[in-house]
Amino acid sequence: MKKKYTPTDRLITKITGWISVFIVAGLAVWGGLTLTRFYKYEQTNDAQVQEYVNPVISRAGGFIVAVKFEENQEVKKGDTLLVIDSREYVLQQEQTQAALQKARAQLKVLESNTHTTEKEAASARAQVSADEAKVWKQKLDYDRYEKLYNEESATKQRLEDVKATLDVNESNYRSSKDAYAASVSKIGDIQAEKTVVQAEISRLQALLDRHKLDVSYTVVTASYDGRMGRRTVEVGQMIDAGETLAFIVNNETDKWVVANYKETQIKDMHIGDHVKIVADSYPDQEFQGTIISLSPATGSSFSLLPPDNSTGNYVKIVQRIPVRIRIDGKRKDIDVLKLGMNVNVYAAKKHSHG
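All chains use their own residue numbering, which begins from 1 and follows the written sequence. It should be noted that, the model being predicted, local features are given only for residues of pLDDT at least 70 and side-chain atom pairs only at 80 or more, the latter also being counted only at that level, while totals for whole chains, interfaces and linings use all residues. As a rule here, side-chain values come from all non-hydrogen atoms in the structure, and water together with hydrogens is ignored.

K.L.:
I would appreciate a short explanation of the sheet that holds strand β14 (residues 320-327) in the present structure.
P.N.:
By way of backbone hydrogen bonds, the strands of a sheet pair with one another, either parallel or antiparallel. Here the rule is simple: two strands pair whenever DSSP picks up at least two bridges between them. The helix and strand labels rest on DSSP assignments: H or I over at least four residues marks a helix, E over at least two residues marks a strand, and numbering proceeds from the N terminus. One open sheet holds the seven strands; their spatial order is β1-β15-β12-β13-β14-β11-β2, and the pairing between them is antiparallel. Of all strands in the sheet, those with a lone pairing partner are β1 (41-44) and β2 (47-50), marking the two edges. When strand polarity is set aside, the average angle formed by the axes of neighbouring strands in this sheet is 35°. Where strand β11 (residues 256-262) and β14 come together, seven bridges link them in antiparallel fashion. Directly across from Asn260, in β14, lies its bridge partner Pro322. Each axis is a line fitted through C-alpha atoms, taken for helices only over the stretch in contact, and angles between the N-to-C directions span 0 to 180 degrees.

See below:
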């Protein structure tokens, strides 16, 4: 019995045929583009977007009294992020400031004492000169009366009076010299004490500068323009110096891609070569990049436990070489690429024609 096809069957057959043609044509085009891409480019999908992510670390400990940012917030260089209770640091600063003022006052007193003692020394020096002159004159008188006495022209009593006056003058001369030496020695003592006080002032000034730094550390600011990451602190929390409080992504540096190419793919890659980058999140948008460095070793060589192929259990595995690629373009155009995004990288092959 001959089977008859209804018009509906013929229509379905025709539609199915055309759909098959379109599918085959589409597969052919896709296959052709894929083959062309494999011929023209060295590509890898083992690549991620990278940026500098730095921790926000407190340089002072204490209770947090204010948090001035939220997660994912844009911040500018110098913006306040956190405020730590600074009262203890301020008190330390004021104590050191008072001690420094006291030491400076002591130095002024010593300088005044130095001037006074120098005047006393000058007076003692003048007295020494005066007493020296008296001794010299009295010595001449004694010599003269001694000759007169030997010639019986002067009495012994007169000679004894002149000798007594000479002895008194010599004693006064020795006393004034001792007083002058004591004044000079006192000046030396004051100078030594001034040196000690000046050293103490230097120490206290350095300590005061340190306390001022400690006070400034209680206000944590953004070191550069960036975007805040995860926030892990709240008001009232007690923190220690050196504790990580948040993370900030640096907006002032380039973005780059680390593409892990197979070792069989990098023979024609050089620093300065241009590449294409396509993110999984934006498959219809193409970004441009420039190779800025190739790793000096395979990725596995930098691992915690590098492979040791001398153990006898050797299985050859194609290694990968990290290639660093700067993402070119204006910051606002490439900001859609976020840290850690997966991307596909296409580096043009250099075909030789013999």
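What follows continues from the structure just given.
K.L.:
How should I be thinking about the environment of Asn169 in this particular structure?
P.N.:
Locating Asn169 in the fold gives a position in helix α3 (residues 156-217). Here Asn169 falls in the buried class, since its relative accessible area comes to 12%. Remark: the alpha-carbon pair of Asn169 and Glu263, spanning 94 residues in sequence, is separated by 107 Å. Exposure classes here rest on a 1.4 Å probe applied to the protein chains alone. A residue is buried below 20% of its type maximum, exposed above 50%, and partly exposed in between.

K.L.:
So what exactly am I meant to see when it comes to the packing of aromatic side chains here?
P.N.:
Each aromatic ring pair is described using two quantities: the centre-to-centre distance and the angle formed by the ring planes. Stacked, tilted and edge-to-face are the three classes applied to pairs of Phe, Tyr and Trp rings, where Trp contributes its six-membered ring and a pair requires centres within 6.5 Å; stacked means planes under 30 degrees apart, edge-to-face means over 60, and tilted covers the rest. A complete count under the given rule lists two aromatic pairs for this structure. Plain terms: the ring middles of Trp18 and Phe22 are 6.2 Å apart, the flat faces sit at 35° to each other, and that makes the pair tilted. Here Trp18 and its partner Phe22 are both found in helix α1 (residues 7-40), four residues apart, which amounts to about one turn of the helix. Looking at Trp18, the relative accessible area reads 52%, which means it is exposed. When the ring centre of Phe69 is taken as reference, the NZ or CZ atom of Arg231 above it lies at 6.0 Å. Only when the NZ atom of a Lys or the CZ atom of an Arg is both within 6 Å of the ring centre and within 35 degrees of the ring normal do we say a charge sits over the ring.

K.L.:
Just to check I follow, could you spell out the pattern of salt bridges for this structure?
P.N.:
Any two side chains of opposite charge can pair, on the condition that their charged atoms come close. When a carboxyl oxygen of Asp or Glu lies within 4 Å of a side-chain nitrogen of Lys or Arg, that pair is called a salt bridge. Counted under the stated rule, the structure contains 13 salt bridges. The partner of Arg227 in a salt bridge is Glu51, with the nearest N and O atoms 2.7 Å apart. Of this pair, Arg227 sits in strand β8 (residues 226-231) while Glu51 sits in the loop between β2 and β3 (53-57); the two residues are 176 residues apart in sequence, bridging distant segments of the chain. Since its relative accessible area comes to 11%, Arg227 is described here as buried. Under the relative-accessibility criterion, Glu51 is labelled buried at 6%. Of the charged contacts in the structure, one is a salt bridge between Asp335 and Arg331, with a shortest N-O distance of 3.2 Å. Using a relative accessible area of 23% as the deciding quantity, one classes Asp335 as partly exposed. Judged by relative accessible area, which is 22%, Arg331 ranks as partly exposed. Overlapping salt bridges, with partners in common, bring together Glu51, Arg227, Lys255, Arg331 and Asp335 in one network.

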